[in-house]
Amino acid sequence: MRHVLIAVVAAGLAACSSPEGAAPEPADAPAALPPGRPAIYEAAKVGPEEFVRALYAVHVTPGAGMGEAPPPGRDPIYDRMLNAMIGEDFRKADGEVPTLNYDPICACQDSGDFTLDSVAVTQSGPQAAEAAVVFTNMGETKRQTLKLVKEGAMWKVNDVLVPGQKPLTEQLMAAIS
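Overview of the structure. (Residues numbered from 1 in each chain as written. Predicted model: local features only at pLDDT ≥ 70, side-chain atom pairs only at ≥ 80, totals over all residues. Heavy atoms only, no water.)

## Some points on the packing of aromatic side chains
Rules: Here a Phe, Tyr or Trp ring, Trp counted by its six-membered ring, pairs with any other such ring whose centre lies within 6.5 Å, and the pair is stacked when the planes are under 30 degrees apart, edge-to-face when over 60, and tilted otherwise. A helix here means a DSSP run of H or I that spans at least four residues, while a strand means a run of E at least two residues long, and both kinds are numbered starting from the N terminus. Any residue under 20% of the maximum accessible area for its type is buried, any over 50% is exposed, and the rest in between are partly exposed; the area is computed with a 1.4 Å probe on protein chains only.
Scanning the model with the defined rule gives three aromatic pairs in all. Ring geometry for Y56 versus F114: centroids 6.4 Å apart, planes at 20°, classification stacked. With Y56 in helix 3 (residues 48-60) and F114 in strand 1 (residues 114-125), the pair connects residues that are 58 residues apart, well separated along the chain. A centroid spacing of 5.6 Å and a plane angle of 35° characterise the contact between Y56 and F135, whose relative ring orientation is tilted. Residue Y56 is located in helix 3, and its partner F135 is located in strand 2 (residues 128-137); the two are separated by 79 residues in the primary sequence. Of the two residues examined, Y56 and F135, each falls in the buried class.

## Topic: the pairing of strand 2
What counts here: A pair of strands counts as paired when DSSP detects no fewer than two bridges linking them.
Counting buried positions along strand 2 yields seven of 10 residues, so the element is predominantly enclosed. Taken together, the 10 bridges between strand 1 and strand 2 define a ladder with antiparallel strand orientation. Across the sheet, F114 pairs through a bridge with N137, a residue of strand 2. Between strand 1 and strand 2, which pair antiparallel in sequence order, lie two residues. Bridging between strand 2 and strand 3 (residues 140-151) involves 10 bridges; their strand directions are antiparallel. The residue of strand 3 that forms the bridge with F135 is K142.

Following this line, the structure appears as structure tokens:
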């Protein structure tokens, strides 16, 4: 009886397996979504490099856009601390131009003719990573480092470092202090 049961289970598993030569898709692979917020949120669950590439895919793909942005200080791509600083920066500006009046991911207000030239992610632990990014926007090559943290199941931007400038968190702290 045991042999019959094992044979039935084996036959059932064989019927469910992928065809010979076809590689099964990883369980944690993000669905192929067009560039935008849904793709970013899915990639943030996969890993730091996938998250960073999804952040920049919005700028690389003409017309992709980020859709309607959440209110300042409530953007799921940023960690709690950076969101708190961004929210306070906008509150303190009281209708005037805040310190953060640009997209820190592309270091721009507008992107056009954008290319992502390189991404090098170094993970310093299970909850922390840095992404050294080089991109070209409107003919100007820029370098920056995104400090990343994992909050819950998602990777998020913790700080943006641009050579020759203070870190974004320091700029915001100076504005809100």
